[in-house]
Amino acid sequence: MDKVYDVIILGAGPAGLAAGLYAGRSRLSTLIIEKGKDGGQIAITDEIENYPGQMVEGESGPSLIARMTEQAQKFGAERATDTITSVELDGEVKVLKSAKNEYRAKAVIVATGAFPKPIGCENEAKFIGKGVSFCATCDAAFFEDFEVFVVGGGDSAVEEAMYLTKFARKVTIIHRRDELRAAKSIQEKAFANPKIAFLWDSVVQSVDGDELLSKMVVKNVKTGELTTIEADPDDGLFGVFGFIGYNPNSKLFDGILTLENGYIKTDENMHTNLPGVFAAGDIRVKSLRQVVTAAADGAIAAMQVEKFINE
């Protein structure tokens, strides 16, 4: 591709789409590259309650992202579906390469986000898609009237557990501590839900089964006691959903951008260690990873790109 864009935005989550909206409105030639579905983590979130200006009567991740995508397109942001495999970011013209294409721009905004951490138990990889999942919105319907377990104790884990109660007959939250880390308002809803049970001070040590997940061993972290949980014979399987945090999607930038625990270091204006390269959203070192902060990052990054190009 011979065209040199003003800015290429890598990732179409809330940060990338907000950056695309602001860059487009500033009349910058803008390309958003996304390898999968718009929205990132929020695309698999069933219910959103804390995004300012959302539909109060009910907002889902997909509905919010659909409007963000439409806004970015309205202001002229071009789109490409591709997987970038290598980058050259130290020259005046930045180059992003995929298996088939080469994209060029004067500036780049990295908004590649993060992906779910594995549960960390034995045989986990073997049962992904066969009982082990990291997306309640994607897979809840497969467990209609079955029993499911949610690993984690933060906001995402508890919110997804509540969503799963719409499908499963029972949802048990497995948490390595003796109290949840989720916001109090979310905890109150969970404790009031008769379908939700709790397994405290516990971690999943292993999962097993024939073709589908039907057995797991849970360890009490305080006593060391092991408990084997098996599927109801009439069911033949159960589900285990992992929500214990995220890993940054930053492998592409290792050794190129300054990282801290895998997250990209920026200043308050989203500048990385390389001129003309910015980072926004969950990929960067920050204290709060929410849709609202990702969108703010994207707006700031786009305005800094405009300033960078004009100077």
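First things first, this report covers the structure right here in the doc. Because the structure is a prediction, the values reported are computed rather than measured. (Residues numbered from 1 in each chain as written. Predicted model: local features only at pLDDT ≥ 70, side-chain atom pairs only at ≥ 80, totals over all residues. Heavy atoms only, no water.)

Digging into a negative patch on the surface
Judged by side-chain charge, E122, D208, D210 and E211 come together as a negatively charged surface patch. Along the chain, D210 turns up in the loop between β12 (202-209) and β13 (213-220). Relative accessible area serves as the criterion here: at 71%, D210 is assigned to the exposed category. (Patch = residues over 30% accessible without salt bridge, like charges linked within 9 Å, V, L, I, M, F, W, Y side chains within 5 Å. Areas by Shrake-Rupley, 256 points an atom, 1.4 Å probe, with all protein chains shown as cover. Salt bridge = Lys/Arg side-chain N within 4 Å of Asp/Glu carboxyl O. Lys, Arg positive; Asp, Glu negative; His and termini not counted. Charge placed at Lys NZ, Arg CZ, Asp CG, Glu CD. Helix = DSSP H or I, 4+ residues; strand = E, 2+ residues; numbered from the N terminus. Buried < 20%, exposed > 50% of the residue type's maximum accessible area, 1.4 Å probe, protein only.)

Brief notes about the side chain of D82
Note that D82 resides in the loop between β3 (78-81) and β4 (84-88). Of the side chains with opposite charge, K100 comes closest to the buried, unpaired D82, at an N-O distance of 7.8 Å. At 3.3 Å, the side chain of D82 and the side chain of N101 are in polar contact. A polar contact is formed between the side chain of D82 and the side chain of Y103, at a distance of 2.6 Å. With near-sequence residues (within four places) excluded, D82 lies in contact with I33, E34, K35, S98, N101 and Y103. (Polar contact = N/O pair within 3.5 Å; in protein donor to acceptor, adjacent residues only side chain to side chain. Contact = heavy atoms within 4.5 Å.)

As for unusual backbone geometry
Positioned with a positive phi, N261 is a non-glycine residue whose angle comes to about 55°. Within the secondary structure, N261 is located in the loop between β17 (259-260) and β18 (263-264). Of note in this structure, M270 is not a glycine but carries a positive phi near 75°. With respect to the element layout, M270 can be found in the loop between β18 and β19 (277-279).

In short, the description is geometric, and any link to function would need to be established separately.
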